[in-house]
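# Coordinate analysis (summary)
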Amino acid sequence: MFKIIFALLAIVIALAPGYCAGSRVIPILDAIDANYKMKKDVSAKVSLTQQRAEQGTKIIDMTYFRRDSDDAFLITMDAPENEKGNGYLRVGDNFWMYRKNTRTFQHVNRDESIGGSDAHSEDFETRKLAELYGPVVDSSGTEKFSEEMLGKVPVYRFEIKARVNDVDYPRQIFWTRRDNNLLLKQESYSLSGTLMQTAYFLKFTEIEGRFVPVKQLFIDEFEKGNKTIVEISDIVPGKLDDKIFTKAYLENLSK
Amino acid sequence: MLLIRLSLRNLLRQKRRNILLGSAMAIGVAILVTANSFSHGISDIMFNKIMRYVTGHVAIRFNERGGVMREIFRDKARLLEAVKGEPVIESADEAIGMFARAIGNGRSDNIVLVGVDTKKGLSEKARREVEESFRLVEGSWKDVENAAIENPVIISAEKARYLNVRRNDVIRVRFRNMFGQDQAARLTVVGIMKNDNIFMQPVVFLELPREKELLGYRPYETASLSLKIKDPQKNATALADRIHERLKPGTAVIYASAAGGAGRRPVVVLGYKSDDESKKKIAGSLKLVSGSFEKAFKKDGVIVPAGLARALGVSAGSAIGIRYARKFEKEPKEAFCHVSAVCAGSGYPGENVILMNDSGFYDLYYEDLPAGPGRGVKPYSPGENGAWSGLLAPEWVLLKRTFNTEEYRKKYQEIARNKWKGTTIDVSTMYETASDILKLESVLKIITISAVLVLFFIILLGVVNTLRMTIRERTREIGTVRAIGMQRADVRNMFILETFFLTLFSSAAGMALGFTAMRLISLLTFHPQDNPLGMLLVNGHLYFLPTFSGIAGSVLLIIAIAVITAWFPARRAANLPPAQALRHFG
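Residues numbered from 1 in each chain as written. Chains lettered and ligands numbered in written order. Predicted model: local features only at pLDDT ≥ 70, side-chain atom pairs only at ≥ 80, totals over all residues.

Taken together, the 21 residues of chain A in the interface contact 22 residues of chain B. Grouping the constituent residues of the side of chain A that touches chain B by class yields 6 nonpolar, 7 polar and 8 charged. (Contact = placed C-beta atoms within 7 Å. Nonpolar A, V, L, I, M, F, W, Y, C, P; charged D, E, K, R; others polar.)

Turning our attention to the domain arrangement of chain B. When the parts come together, some accessible area is lost, and that loss is often what is quoted as the size of the interface. Residue and element names in this part refer to chain B. According to the domain assignment, chain B consists of domain 1 (2-51 + 435-583), domain 2 (58-246) and domain 3 (253-394). For domain 1 versus domain 2, the distance between C-alpha centres works out to 47 Å. Each partner contributes to the interface: domain 1 provides 14 residues, whereas domain 2 provides 10 residues. Residue assignment for the side of domain 1 that touches domain 2 shows that the elements contributing at least two residues are helix 2 (15-54) and strand 21 (537-538). Residues of the side of domain 1 that touches domain 2, tallied by class, amount to 7 nonpolar, 5 polar and 2 charged. (Domains from an automatic or database assignment. Helix = DSSP H or I, 4+ residues; strand = E, 2+ residues; numbered from the N terminus.)

All names here are of chain B. Counting 108 residues, the largest nonpolar core has V29, L113, V144, V153, V173, V204 and F205 as the members making the most contacts within it. Broken down by element, this core gets its largest block of residues, 17 residues, from helix 2. Apart from the residues within four sequence positions on either side, V29 is in contact with S506, S507, G510, M511, G514, V555 and I558. (Core = buried A, V, L, I, M, F, W, Y, C linked by C-beta atoms within 7 Å. Buried ≥ 20, exposed ≤ 12 C-beta atoms within 10 Å, placed from the backbone.)

Residue and element names in this part refer to chain B. In space, the 8 strands of this open sheet follow the order 13-17-14-18-12-11-15-16, with mixed pairing throughout. Among the strands making up the open sheet, the edge pair consists of strand 13 (288-291) and strand 16 (333-338). Between one strand and the next, the sheet's axes are offset by a mean angle of 30 degrees, whatever the strand orientation. Here strand 14 (residues 302-305) pairs with strand 18 (residues 353-357) via 2 bridges, running antiparallel. Its bridge partner being in strand 18, I303 is matched across the sheet by L355. Helix 11 (residues 358-367) contacts strand 11 (253-260), strand 12 (263-272), strand 16 and strand 18 of the sheet and is inclined by roughly 105 degrees relative to strand 18. (Pairing = 2+ DSSP bridges. Axes fitted to C-alpha atoms, helices over the stretch in contact; angles between N-to-C directions.)

Turning next to helix 11 of chain B. Because the α-helix completes a turn every 3.6 residues, residues three or four places apart line up on one side. Residue and element names in this part refer to chain B. Across the 10 residues of helix 11, 7 count as buried, placing the element largely inside the fold. Regarding helix 11, the residues found buried are D358, F361, Y362, D363, L364, Y365 and Y366. In this structure, the buried side of helix 11 is in contact with strand 11, strand 12, strand 16 and strand 18.

This is the structure in structure tokens:
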């Protein structure tokens with residue numbers, strides 16, 4: 001859940017495609033990274049609609065504040081009612097979970113599951129995509145890179161594999177628009193090569209010259225019938241008050 | 001001898017009363033023997049059937065880079081060296097369990113994937129215990145070794161029912177491997193087992209090497225180690241202390257060669273601790289020549305002494321190529337880093353030392369453990385009391401020993417707070433990790449002791465009352481035997497011997513009764529499905545473990561209490577003046 005939100009808010013695709021001799025994949029990854037580091041603070045409302053095959057539909061609303069200058073973010077839960085007031089705060093290496101019922105902060109370990117979701121603390125680390133992944137090449141040393149049509153949209157399709165071993169998915173396939181490198185579709189594979197998740201980036205909005213995917217669909221390919229729709233609204237770039245990224249702020253919200 | 005004869009004859013003189021009192025004692029002894037055997041049975045189940053499989057009697061746990069799930073130690077041989085030569089260790093097993101999401105036939109549920117080493121030689125006793133704990137209703141343990149089947153597993157009957165799978169069906173599972181990567185696999189059900197322990201129902205057994213491969217372990221790496229030992233209650237703590245002592249870490253050193261613009265030179269690569277206090281001390285003891293401490297203290301920060309920088313032909317911002325021999329792989333490791341700061345040689349920990357932030361250093365060090373210093377190379381040592389001894393990254397972080405669950409819990413909270421960059425090693429015993437199970441055993445023992453105390457009180461009242469009545473009835477007889485020459489001590493001893501023999505015979509009958517009762521109760525079969533108390537059963541039966549020391553101790557205690565109780569009325573009888581006793585009418 002949070003993994004999705006974070007990925008979503010992190011991926012702000014640049015308008016201008018880059019170019020790098022030798023590799024066609026790396027420039028696109030670099031372009032994503034270049035825009036990953038947000039120059040301004042940002043806040044947004046996020047809504048997740050989770051559909052589970054055996055559990056029905058659940059809607060989760062939250063407010064998200066992010067400041068990359070000191071690697072900080074804050075998530076406050078707005079719905080459902082039993083989650084309202086809970087939150088997550090990260091400043092630098094420290095990551096806390098706040099529970100309004102007990103009014104306590106708990107350190108979240110690097111690989112600890114967050115709120116029973118599939119997200120872990122390490123998913124929130126701001127590491128560069130180009131450092132984590134590199135292009136997949138075939139036996140002749142050529143990158144697996146092709147030009148295709150995704151519906152009516154001309155796209156590049158390319159495969160990337162993990163350079164490090166502590167990423168969620170060791171192999172992914174990206175479909176990006178040829179004209180502006182917007183990521184439209186993403187398939188994620190497990191270590192054994194099983195397709196685990198397909199993501200569709202359905203709708204974008206332009207904020208200060210950058211495209212932000214404001215509607216995404218994540219389909220669980222492993223457990224059929226599970227899917228999550230993420231919608232982002234009220235995106236406000238601009239300086240956020242220092243007091244937001246504090247424990248006191250999170251505590252006061254639930255009073 | 002005369003006294004013994006007299007005592008035995010006197011017992012027969014008051015048959016009805018003695019039989020009644022003896023019966024009460026016998027029932028008491030029977031209850032005591034049964035309770036004692038049940039209590040020992042519970043202990044045996046706790047220590048040798050539950051703890052053995054859940055936590056081990058002693059555990060050596062690892063968490064690499066502060067990761068809760070990242071239970072890996074990169075040098076298995078070195079770890080085994082630390083537990084070698086300990087005669088109390090019966091077995092040392094890698095304990096690997098991984099939560100997974102499983103999809104069966106139209107149903108999905110959570111499972112725990114546990115690695116099991118079926119090729120390991122087991123004693124007949126251990127094999128019997130395994131078969132008692134995990135009763136296979138379909139398939140055999142050898143089936144999980146079948147290389148022709150895709151990931152063969154043995155699953156509990158309850159989980160198989162829930163997932164709607166049978167033998168030869170396939171379960172798809174999704175889990176995160178040790179490094180957090182999503183992993184998916186297909187498991188083939190080759191066996192179905194039953195277990196009375198409700199907590200073992202989610203467990204799915206997979207052959208250990210396959211599980212390790214799925215989780216990302218290399219052959220020379222190990223998961224946490226679970227030790228089963230002899231007489232765990234006596235040996236666990238001392239053994240854990242000894243292993244802890246042997247696992248004290250040295251400084252983590254990479255003996256490498258570094259290449260810059262001016263050529264390649266042998267270097268020693270060390271990690272520096274990157275906590276605020278250490279960084280402050282390092283900044284205080286080094287003199288910056290170029291670059292900045294701000295950059296040097298970042299995760300990929302690298303510090304080089306000025307002399308080495310000149311020799312390599314590098315300056316702040318330059319790239320350095322590092323190559324070193326790996327301990328377990330043939331090919332050397334090649335890596336690149338960028339110089340963040342160049343410092344003067346004075347106060348620096350060595351003229352050929354490259355310092356890296358421990359975060360980046362451990363990435364390199366753990367991923368490819370370096371070989372030793374090699375022939376002719378002097379091993380690096382910062383000196384025990386040197387300024388740098390506390391600032392350099394150790395091979396691992398050895399957590400302090402704790403002795404109860406509270407301390408243990410605090411220790412793991414510290415891990416989360418401290419964000420160790422290195423691997424933490426924790427040596428613990430069942431007294432820290434499974435105190436809840438041990439508390440259950442203590443509660444059961446308290447219940448047994450309470451029953452015994454009530455029993456003793458009843459016996460005590462019975463003996464005192466009977467002796468008082470006997471003495472009152474036999475006062476004139478006491479006067480007569482005293483008048484014809486029997487000494488006071490003999491009179492007292494005669495009464496005590498009567499009590500002793502009555503208790504002895506009653507105890508013998510009680511033991512027979514107790515063993516018969518245990519046998520009969522053991523024949524009853526219980527089916528405690530989904531009941532946690534089911535773990536206290538063996539094959540659906542209550543488990544009694546009579547011990548010679550336990551039973552002999554109980555009988556001796558009862559005899560001692562009866563004799564001590566008899567002492568006072570017997571002494572009163574012996575002290576009666578013969579003339580007064582002869583005058584007694586009652």
